[in-house]
Structure formats: structure tokens, C-alpha cells
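# Examination of the molecular architecture
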Amino acid sequence: QVQLAESGGGLVQAGGSLRLSCAASGRTFSRQVMGWFRQAPGKEREFVAAVTWSGGMTSYADSVKGRFTISRDNAKNTVYLLMNNLKPEDTAVYYCAVREGVYLRRTYGEYDYWGQGTQVTVSS
């Protein structure tokens, strides 16, 4: 089992920045992809970003490309999501997820473990 704990959410004005963190504990492997998803009220959970174990490959949703940056610190078993130039439409609960494997994926069904989520609210 892998346990994930997100932190760093909050309320921010449009144009502001936040950095989310996700600490993993329990069974961790070198062949793991870590990702971020988000879910707004009344909407389906959607892919935001993902990063391979080495950090050498990343993937972003078009809606956040150029504004968000995903990174990881394997020594700390932690993945980060730096969110700049936030917009009201970024308001959602953000979830960290882990996928056992080497390939980046954008579908939430392909991730094996999930955190409880952290709320991000962007005011206009």
C-alpha cells in the first residue's frame, strides 16, 4: 500500500500562485509515475499533470500548460505542483495519485493510489 498526503491548498486571488505538495509513504518503488488530478463541483475528475520517476518526462493538460509545473524529490518521496497565474476556473479539489509503471498516463482509472485531496479556490 502507498499512502499519499497532499498539502498546500488554499484561497488565492486570480493571477496568484500556490505550490501543492504530496508526500508518499508506505510501499514505494522506483517504477512509479506520480500525477495530479482535479475535480470541480459537478464535474468529472480531470488530469492536470504527471511526472516519471526520474523526473525526465512530464505531461500536462492543455489548460494548465505554461502555468503549472510538476516536479518530484525522490529522496523525500514527494511530488510538487507549482501553480502560477491561477484562474477562477482552476478552482477544484486537487488530488495526488501514484501509478505503478514507467509510462505517463492521463486517465484516472490507470492510477493505483490516491490522496484525500486539497482544496484550491481562486477568487476573481
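The structure under discussion appears in the preceding block.
Conventions and cut-offs
Chains are numbered independently. Their residues run from 1 in the order of the written sequence. Local features in this predicted model are restricted to residues whose pLDDT is 70 or higher, and side-chain atom pairs enter the listing and the counts only when it is 80 or higher, whereas totals over whole chains, interfaces and linings include all residues. With hydrogens and water excluded, all non-hydrogen atoms of the structure serve as input to the side-chain values. Criterion used throughout: strands pair if DSSP finds at least two bridges between them. Each helix is a run of H or I in the DSSP string that is no shorter than four residues. Each strand is a run of E no shorter than two, and both are numbered from the N terminus. Salt bridges are identified by distance alone: a Lys or Arg side-chain nitrogen within 4 Å of an Asp or Glu carboxyl oxygen. Only protein chains enter the calculation, and the probe is 1.4 Å; a residue is then buried if its accessible area is under 20% of its type maximum, exposed if over 50%, and partly exposed in between. Within this scheme, the nonpolar core is defined by two criteria: the residues are buried Ala, Val, Leu, Ile, Met, Phe, Trp, Tyr or Cys, and they are joined through side-chain atoms within 4.5 Å. Throughout, a residue-residue contact means that at least one pair of heavy atoms, one from each residue, lies within 4.5 Å. Angles shown run from 0 to 180 degrees and are taken between the N-to-C directions of axes, each axis being a line fitted to C-alpha atoms and, for helices, limited to the stretch in contact. What counts as a ring pair is set by centres within 6.5 Å for rings of Phe, Tyr and Trp (its six-membered ring), and what kind of pair is set by the plane angle: stacked under 30 degrees, edge-to-face over 60, tilted for all other angles. A ring has a charge above it when a Lys NZ or an Arg CZ is no more than 6 Å from the ring centre and no more than 35 degrees off the ring normal.

### Overview of the pairing of strand 3 (residues 18-26)
Alignment of strand 1 (residues 2-7) against strand 3, held across six bridges, turns out to be antiparallel. Within the sheet, the bridge partner assigned to Val-2 lies in strand 3 and is Gly-26.

### Regarding the pattern of salt bridges
The final tally for this structure, using the stated rule, is five salt bridges. Of the charged contacts in the structure, one is a salt bridge between Arg-38 and Asp-90, with a shortest N-O distance of 2.9 Å. Taken together, the residues span a long stretch of sequence, with Arg-38 in strand 4 (residues 32-39) and Asp-90 in the loop between strand 8 (78-83) and strand 9 (92-100) at a distance of 52 residues. For Arg-105, the salt bridge goes to Glu-110, with nearest N and O atoms at 3.3 Å. Looking at Glu-110, the relative accessible area reads 32%, which means it is partly exposed. One continuous salt-bridge network, built from bridges that share partners, spans Arg-38, Glu-46, Arg-67 and Asp-90.

### Description of the nonpolar core
Counting 36 residues, the largest nonpolar core has Leu-4, Trp-36, Leu-81, Met-83 and Tyr-94 as the members making the most contacts within it. Sorting the residues of this core by element identifies strand 1, strand 3, strand 4, strand 5 (46-51), strand 7 (68-73), strand 8, strand 9 and strand 11 (118-123) as the ones contributing at least two each. In this structure Leu-81 touches Leu-18, Arg-19, Leu-20, Trp-36, Val-48, Ala-49, Phe-68, Thr-69, Ile-70 and Tyr-94, once residues within four positions along its chain are discounted.

### Looking at the sheet that holds strand 8
Picture the strands of a sheet paired through backbone hydrogen bonds; they go either parallel or antiparallel. Spatially, 1-3-8-7 is the arrangement adopted by the four strands of the open sheet, whose pairing is antiparallel. With partners counted over all chains shown, the strands left at the sheet margins are strand 1 and strand 7, one partner each. On average, each strand axis in the sheet is inclined to that of its neighbour by 15 degrees, with strand direction left out of account. Where strand 3 lies against strand 8, six bridges are found, and the strand directions are antiparallel. Within the sheet, the bridge partner assigned to Arg-19 lies in strand 8 and is Leu-82.

### Looking at the packing of aromatic side chains
Following the criterion strictly, the structure yields four aromatic pairs and no others. Between Phe-37 and Phe-47, the aromatic rings sit 5.7 Å apart at their centres with planes inclined by 75 degrees, giving edge-to-face as the arrangement. In this pair, Phe-37 sits in strand 4 while Phe-47 sits in strand 5, placing the two residues 10 residues apart along the sequence. A residue is classified by how much of its surface remains accessible, and Phe-37, at 0% relative accessible area, is buried. Look at Phe-47 and you get buried, because its relative accessible area is 8%. Through pairs of rings, three or more aromatic residues link up here, namely Phe-37, Phe-47, Tyr-111 and Trp-114. The ring of Tyr-95 has Arg-45 sitting right over it, with the charged end atom 3.8 Å from the ring centre. Geometry around Trp-114 places Arg-45 over its ring, the cationic atom sitting 4.9 Å from the centre.

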